[in-house]
Amino acid sequence: MAEQLDTVKIDERACPGGMKLGLITLDAPKSLHALTLEMIRAIDGALLAWADDARIACVVLQSSTDKAFCAGGDVRSLRTAVVDQPGVVPNPQALAFFAEEYRLDHRIHTYVKPLLVWGGGIVMGGGLGLMAGASHRVVTESTRIAMPEITIGLFPDVGGSWFLGRMPARTGLFLGLTGATMNAADALFTGLGDYFLQQEARALVLDALALAQWDADATANHQQLDRLLRALASPASLLPESPVRANFDAIATLTQAPTLQEVVAAIAAYEGQSAWLQKAAHSLARGAPSSAALVWAMRQRTRHLSLAQVFQMELIVAVQCCAHTDFAEGVRALLIDKDNAPQWQPASLAELDDNDLNDYFDAPWDRHPLADLA
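I will try to describe carefully the structure that is included in this document.

### What to know about the nonpolar core
Grouped together as the largest cluster of nonpolar side chains are 102 residues, with contacts concentrated most on I24 and F174. Per-element accounting of this core gives the leading share, 11 residues, to helix α15 (residues 307–323). If we skip the residues at most four places from it in the chain, I24 touches V8, K9, I10, I43, A46, L47, W50, V59, V60, L61 and Q62. V60, W118, V138 and V205 belong to the second-largest nonpolar core, a separate cluster that totals 21 residues.

Following this line, the structure appears as structure tokens:
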């Protein structure tokens with residue numbers, strides 16, 4: 001298969017018996033491989049083609065650098081599109097980006113063939129959307145995972161409403177509200193990772209995959225990939241301490257109240273010794289109140305939804321976020337002017353009423369763009 005973009009390399013690697021590996025490599029190092037719409041289309045196109053190619057036994061999704069797998073979506077360009085067309089709901093560029101991104105994420109969750117994501121380095125936002133649904137997820141000593149959307153007036157999307165809600169107890173709620181960073185051990189504990197390998201072992205893993213005896217049966221190939229990764233995995237003794245696991249009881253206490261206001265107040269009032277919890281509390285205090293409300297609301301509203309229904313609801317909320325001022329303001333403050341002084345509207349949870357929040361769940365179309373997902 002030919003290369004599709006300079007920023008996404010699409011390759012096939014021959015294996016014994018006429019089978020092949022499909023390799024997708026994100027290659028936009030200056031932006032830490034942040035996803036553009038063109039990159040999303042290239043990845044999705046490759047996955048679609050390989051799903052119907054009987055010779056492709058296994059797919060690997062990685063980046064070209066060790067520093068990051070993917071730092072998220074290209075929110076700078078999204079902000080420009082939103083600012084250039086104020087009041088347009090849905091914004092055409094935002095709708096195209098989120099609809100195609102979520103379709104890709106859903107495809108990864110439901111992909112029949114084994115799909116390995118090498119999640120070394122920074123994995124944030126849209127990057128976690130690519131990784132979370134993969135059948136085989138590798139984390140390394142350099143893995144740094146977060147869903148920090150509260151810092152830019154967005155919410156943990158790309159399936160975040162699905163995988164955060166499936167973490168132990170209310171861990172996912174805490175991580176969504178605070179955008180706290182997780183390491184490899186956290187990923188294994190919360191269910192976002194499956195295998196711990198050293199970052200330097202990546203080339204060895206790819207060589208081993210290329211030498212493996214693959215089968216025509218996808219189930220057999222899933223088992224083959226699992227055996228190979230378990231054989232090459234690093235010992236658990238090399239894992240860093242998991243802050244999520246170490247602070248699990250504290251997180252449970254801080255998030256046990258029945259209302260968002262009480263939970264936010266409890267986290268903000270944390271005075272313990274954990275630097276990780278202190279940083280998380282600080283991030284929540286500086287984050288968008290509208291985002292905190294959406295984290296809470298999505299947890300409640302998606303509790304009994306299917307995966308497809310979660311992505312469908314997330315698309316409505318995402319395009320509505322682009323129509324509200326907090327998204328453009330958050331991206332400005334964090335990534336453009338970098339003054340870290342966003343002026344949120346509203347400025348506090350107390351000023352946010354139910355009608356304001358309900359607006360985010362109002363579908364701005366007659367037929368849902370992701371209505372065909374199942």
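Read on for the rest.
### Things to note about the environment of I43
With respect to the helices and strands, the residue I43 is situated in helix α1 (residues 37–51). Each C-alpha atom, one on I43 and one on K9, is 9.0 Å from the other, the two residues being 34 residues apart in sequence. In contact with I43, other than residues within four places in its own chain, are V8, I24, L26, L35, L104 and L130.

### With respect to the pairing of strand β3 (residues 56–63)
Consecutive side chains along a regular strand alternate between the two faces of the sheet. Within β3, eight of the eight residues are buried, which leaves the element mostly enclosed by the surrounding structure. Two strands pair when backbone bridges link them, and strand β2 (residues 20–26) and β3 are joined in this way by seven bridges, in the parallel orientation. Residue K20 lies in a different strand from β3, and its bridge partner there is I56. After leaving β2, the chain enters α1 and then returns to the sheet as β3, a path that is right-handed. The sheet contact formed by β3 and strand β5 (residues 115–119) spans three bridges and is parallel. Counted as the bridge partner of V59 is L115 from β5.

### Overview of the sheet that holds strand β1 (residues 8–14)
The strands making up a sheet associate through backbone hydrogen bonding, with each pair oriented either parallel or antiparallel. The six strands are arranged β1-β2-β3-β5-β7-β9 in an open sheet whose pairing can be described as mixed. This sheet does not close on itself; its edge strands, each paired only once, are β1 and β9 (195–196). Of the strand pairs in this sheet, β1 and β2 are connected by seven bridges, and their pairing is antiparallel. In the strand pairing of β2, K9 is matched with T25. Contacts from helix α8 (residues 202–211) reach β1, β2, β3 and β5 within the one sheet, and its direction differs from that of β3 by about 165°.

The rules behind the values
- Residues numbered from 1 in each chain as written.
- Predicted model: local features only at pLDDT ≥ 70, side-chain atom pairs only at ≥ 80, totals over all residues.
- Heavy atoms only, no water.
- Core = buried A, V, L, I, M, F, W, Y, C linked by side-chain atoms within 4.5 Å.
- Buried < 20%, exposed > 50% of the residue type's maximum accessible area, 1.4 Å probe, protein only.
- Helix = DSSP H or I, 4+ residues; strand = E, 2+ residues; numbered from the N terminus.
- Contact = heavy atoms within 4.5 Å.
- Pairing = 2+ DSSP bridges.
- Right-handed = clockwise from strand over helix to strand, strands pointing away.
- Axes fitted to C-alpha atoms, helices over the stretch in contact; angles between N-to-C directions.

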